[in-house]
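So you can see what is in the structure, the chains are spelled out below.
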Amino acid sequence: MSDWQRDTRHLDTRHRLDTHHRLDVLGAVGAESARCGRSAVRAQRTVGTAQPQGTADGVTPAGADWLASAGPFPRSTLALWSARPTAPVVLPCGTAFDVINAPAVFGRRMLDRLWSEGPGSGPVAAHRGRMLLFAAPGTAHRLPAQLDWVGPAAKSGGRWSDVVPPLLCHGAGDAVTVPPVSPPPSGGETAGNGSRWLVAPDVRHPWLPGTEVMLWACVQAVRGDAPVAG
């Protein structure tokens, strides 16, 4: 593998919602997706972001640079990947990204809705039967509170968290195992006990969904016609 080179290109297509209008948060997300979210998707596709319908290729040098920036010693992480590109690595959350860790079926439903009706997704990985959706820093702290909000879809006056399967929200102080930056050799077993990229990071500053977008994805997944699977 060639040495990882720092990519100074800046691609920041984040679109922030007005969190003060909490009562209309789902409508705001829908409007935001229609207005400008798809431009973020187009921008990501322009630089080659993998799409969930296909098999993701390996992480690009720019994407590896972004992942490594999450830790306190990015050069050491890049050196490890240069020597062992098929090795998974544990990285801290809360600085470069947060991670929403969902059951595989529900996480896939969220991902499908994000790409079919929403603004797209950030990097996404599968790990040990669960799906890791990378989100903007701070999302892990705020999403559980949003899910506890009494919403219109809770017919009996319950909370969104009553109908959404258990989510593990990894933020500041947490760490996650990220898949290898390169896929395993053809014909070999999936590296890292089933750890693989579904949407691999490929730019130095990828767009990451925030709390409102992740809440919207959870609600849309719950509203799907299939039963929620844990």
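Higher on the page you've got the structure.
Residues numbered from 1 in each chain as written. Predicted model: local features only at pLDDT ≥ 70, side-chain atom pairs only at ≥ 80, totals over all residues. Heavy atoms only, no water.

(A) Inspection of the side chain of T77 at higher detail. Mapped onto the elements of the fold, T77 is located in helix α3 (residues 74-83). Ignoring anything within four residues of it in the chain, the contact list for T77 reads A68, V89 and L91. (Helix = DSSP H or I, 4+ residues; strand = E, 2+ residues; numbered from the N terminus. Contact = heavy atoms within 4.5 Å.)

(B) Layout of the nonpolar core. M110, L147 and L167 are the most contacted members of the largest nonpolar core, which has 28 residues in total. Among the secondary structure elements, those contributing two or more residues to this core are β2 (98-103), α4 (104-116), β3 (124-127), β4 (130-135), α5 (139-147), β7 (196-199) and α7 (211-222). When residues of this core are assigned to their parent elements, the largest contribution, eight residues, is made by α7. Excluding residues that lie within four positions of it along the chain, L147 makes contacts with R159, W160, S161, V164, L167, L215 and C218. (Core = buried A, V, L, I, M, F, W, Y, C linked by side-chain atoms within 4.5 Å. Buried < 20%, exposed > 50% of the residue type's maximum accessible area, 1.4 Å probe, protein only.)

(C) Expanded view of the packing of aromatic side chains. This structure, assessed with the given rule, holds four aromatic pairs. Taking the centre distance of 5.4 Å and the plane angle of 55° together, the rings of W66 and F97 count as tilted. Here W66 is found in helix α2 (residues 61-68), whereas its partner F97 is found in the loop between β1 (89-92) and β2, with 31 residues between them in sequence. Take W66 and F97: they sit in the same class, and that class is buried. Centre to centre, the rings of F134 and W197 are 5.6 Å apart; their planes meet at 40°, and the pair counts as tilted. In this pair, F134 is assigned in strand β4 and W197 in strand β7, connecting sequence segments 63 residues apart. According to the relative accessible area criterion, F134 is buried, its value standing at 1%. Taken together, the ring pairs connect W66, F97, F134 and W197 into an aromatic cluster. (Phe/Tyr/Trp six-rings, centres within 6.5 Å; stacked < 30°, edge-to-face > 60°.)

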